[in-house]
Amino acid sequence: MPGIDESLLEAMRLPGARGALVVDWISGLALGAVGDAPGDDPEATAAETAELARLAMESGTLAPADGGLSVASGKEPPVQDLILTTADAYHLLRFVITTFDSTVFLYLWLDRRDGNLALARIRLAEMADRLVLG
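Model, not experiment: these values are computed from the prediction.

J.: Help me out: how do you make sense of the side chain of Arg94 in this one?
T.: For Arg94, the position within the fold is in strand 4 (residues 89–95). For Arg94, a relative accessible area of 12% gives the class buried. Polar contacts involving the side chain of Arg94 include one to the side chain of Asp81, which spans 3.4 Å. In this structure, Arg94 is in contact with Gln80, Asp81, Val104, Phe105, Leu106, Leu124, Ala125 and Ala128, ignoring residues within four places of it in sequence.

Structure (structure tokens):
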């Protein structure tokens, strides 16, 4: 099972990958980073994407219609991933599910011209499922 560094290097092998982070969405800290970051500042990218992740995870509007499961239960979170599209890039956030109270997500910055959004989303989900934290 890959750790943070191995998962980030795997993410960078995706076509069009520009940068990847593992971020704690409560603190906004980057637990790992590889490649470039928007604005050339991985710490700012981690903090700003954590704010977006926190809004999504705590939103009652985005919760599943059946009430969903809480993050604190160690089960599947109400939001699996977020995709933000800009003129030249895709920004993917995939939440990591763990047996403890997970507040971590994988972030991938993908070039829109060279990247494959569907493939990146599938691979990021696989990476999140295999990621070993600790």
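J.: Looking at this model, I keep getting lost on the pattern of salt bridges. Mind explaining?
T.: Side chains that differ in charge, positive against negative, can pair when their charged atoms come close. Summed over the entire model, instances satisfying the criterion amount to 6 salt bridges. Between Asp81 and Arg121 there is a salt bridge, with its nearest N and O atoms 2.7 Å apart. With Asp81 in strand 3 (residues 81–85) and Arg121 in helix 3 (residues 117–130), this residue pair connects regions lying 40 residues apart in the sequence. We note a salt bridge from Asp114 to Arg113, for which the minimum N-O separation is 3.6 Å. The partly exposed category is assigned to Asp114, whose relative accessible area is 45%. Sharing partners across several salt bridges, the network here consists of Asp81, Arg94 and Arg121.

Calculation rules
- Residues numbered from 1 in each chain as written.
- Predicted model: local features only at pLDDT ≥ 70, side-chain atom pairs only at ≥ 80, totals over all residues.
- Heavy atoms only, no water.
- Helix = DSSP H or I, 4+ residues; strand = E, 2+ residues; numbered from the N terminus.
- Buried < 20%, exposed > 50% of the residue type's maximum accessible area, 1.4 Å probe, protein only.
- Polar contact = N/O pair within 3.5 Å; in protein donor to acceptor, adjacent residues only side chain to side chain.
- Contact = heavy atoms within 4.5 Å.
- Salt bridge = Lys/Arg side-chain N within 4 Å of Asp/Glu carboxyl O.

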